[in-house]
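Structure at a glance
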There are 2 protein chains.
Amino acid sequence: MIANPDRAQKPIGKPCDTPGRDAGNCPVRDVIDRIAGKWSTLILEALAKRPYRFGELRRLVPDISQRMLTQTLRDLQRDGYIDREVFPTKPPSVEYRMTDLGRSLFEPLSKVLQWAGDNHALVRAAREKYDQSELA
Amino acid sequence: MIANPDRAQKPIGKPCDTPGRDAGNCPVRDVIDRIAGKWSTLILEALAKRPYRFGELRRLVPDISQRMLTQTLRDLQRDGYIDREVFPTKPPSVEYRMTDLGRSLFEPLSKVLQWAGDNHALVRAAREKYDQSELA
DNA sequence: CAGCATCCCAAGTGATACTG
DNA sequence: CAGTATCACTTGGGATGCTG
């Protein structure tokens, strides 16, 4: 919709011409809602660097639960951002690596992460200012 | 952390040197988790175009509830991405507009939204492929 | 018009225990 | 090692009704 100016005045979030479908079927939201999860960006960021095994990822993101790590990896795999390779060793080991689609996504995504790191202080300041004016 | 290679091997999500604080205090996550909300990007996308009043935003995002629109606007305002101006007319009207900080954020963010729109089909295809292989 | 307050349900998430 | 299963809890978010 960003690339489609003549639609900009129409309802956002529903650029589809498919009124029969559910409300949540905006293509952009369909994609964004997935990578917007609490842990998705952290995992993508890790795997953008190099492949990792399950346990390594767990150590890289210390406060993620085993449950959420598994689930996030499955979701990212399902959407085609990462691949999962099982090595039938004993005990088994599993390696996760980013796909081409994942790298394609991470290119613009990393810019946002970069922005967040760079401008964190400004956001914090805005928050404090807002909270100050609120306790009046 | 992306811009800080020598920290890339340390735990992601906790690049702070402040162990006393809570786990969720990674700067990047602190910022990202806010704009990752279900409605934040939609509102930002609308206000990136031009200022809007409350009711206009409501019409632009038809399936948002009044409650969530208010809450999302407050959150975005608190983080400094948008401004809120009250016109003491009768009945009152309130206008929301993007701040410089908001525009600064939206620049990289819009690239991700663009990507989502462009690659939606690929993601859908990946999902179907995954789901197919799963029902074995 | 632009909210706030309340209720309530569904989804997300963590903790724990168990397994090939 | 890399999961799966279950439960309990917290949070998100919709519906409704009321207000300046």
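Residues numbered from 1 in each chain as written. Chains lettered and ligands numbered in written order. Predicted model: local features only at pLDDT ≥ 70, side-chain atom pairs only at ≥ 80, totals over all residues. Heavy atoms only, no water.

A few words on the pairing of strand 3 (residues 93-98) of chain A. All names here are of chain A. Counting buried positions along strand 3 gives five out of six residues, so the element sits mostly inside the fold. Summarising the sheet, strand 1 (residues 52-53) and strand 3 pair through two bridges and their orientation is antiparallel. Following the sheet pairing, Tyr52 is matched in strand 3 by Tyr96. Here strand 2 (residues 82-87) pairs with strand 3 via six bridges, running antiparallel. Note that in strand 3 the partner of Arg84 across the bridge is Tyr96. (Buried < 20%, exposed > 50% of the residue type's maximum accessible area, 1.4 Å probe, protein only. Helix = DSSP H or I, 4+ residues; strand = E, 2+ residues; numbered from the N terminus. Pairing = 2+ DSSP bridges.)

Let us now look at empty space enclosed by the protein. As enumerated under the stated definition, the model contains two cavities of 30 Å³ or more in all. In this model, the largest cavity occupies a volume close to 140 Å³. Lining the largest cavity we find Ile32(A), Ile35(A), Ala36(A), Thr41(A), Leu109(A), Val112(A), Ile32(B), Ile35(B), Ala36(B), Thr41(B), Leu109(B) and Val112(B). Mapped by element, the contributors of at least two residues to the lining of the largest cavity are helix 1 (27-35) and helix 5 (100-134) of chain A together with helix 1 (27-35) and helix 5 (100-134) of chain B. Of the residues assigned to the lining of the largest cavity, the class counts are ten nonpolar, two polar and no charged. Its volume calculated, the second largest cavity comes out at about 40 Å³. (1 Å grid on protein atoms, 1.4 Å probe; cavity = no way out; pocket = protein on both sides within 12 Å on 5 of 7 lines; lining within 4 Å. Points joined across faces, edges and corners; volume = space filled by probe spheres on them. Nonpolar A, V, L, I, M, F, W, Y, C, P; charged D, E, K, R; others polar.)

This paragraph deals with the confidence of the model for chain A. Overall, the prediction assigns chain A a mean pLDDT of 85, with 80% of residues at 70 or greater. Per-residue pLDDT stays below 50 along residues 16-24 of chain A; that stretch engages in ten contacts with residues further than four places along the chain or on separate chains. (pLDDT = per-residue confidence, 0-100. Contact = heavy atoms within 4.5 Å.)

What follows deals with the interface of chain B and chain A. In this assembly, 64 residues from chain B lie in contact with 65 residues from chain A. Together, the buried faces of chain B and chain A total about 5,600 Å²; carbon and sulfur atoms form 64% of this surface. Counting the contacts that link chain B with chain A gives ten salt bridges. Two residues, Asp63(A) and Arg29(B), come together in a salt bridge whose shortest N-O distance is 3.4 Å. Looking at the side of chain B that touches chain A, the elements that each hand over two or more residues are helix 1, helix 2 (40-49), helix 3 (54-60), helix 4 (66-78) and helix 5 of chain B. Residue contributions to the side of chain B that touches chain A peak at 22 residues, all from helix 5 of chain B. (Buried area = accessible area lost by both parts, 1.4 Å probe. Salt bridge = Lys/Arg side-chain N within 4 Å of Asp/Glu carboxyl O.)

A few words now on the protein's contact with DNA strand C. Contacts to DNA strand C come from 20 residues, most closely from Gly55(B), Gln66(B), Thr70(B), Arg84(B) and Tyr96(B). Of what DNA strand C places within 4 Å of the protein, 60% of the atoms are sugar or phosphate. The separation between a phosphate oxygen of DNA strand C and a polar side-chain atom of Lys38(A) is 3.3 Å. Arg67(B) is positioned such that a nitrogen or oxygen atom in its side chain is 3.4 Å from a base oxygen of DNA strand C. Going through the elements one at a time, helix 4 (66-78) of chain A together with helix 3, helix 4 and strand 3 (93-98) of chain B are the ones with two or more residues in the surface near DNA strand C. Broken down by element, the surface near DNA strand C gets its largest block of residues, four residues, from helix 4 of chain B. Residue composition of the surface near DNA strand C, grouped by class: eight nonpolar, six polar and six charged. (Near = heavy atom within 4 Å. Polar contact = N/O pair within 3.5 Å; in protein donor to acceptor, adjacent residues only side chain to side chain.)

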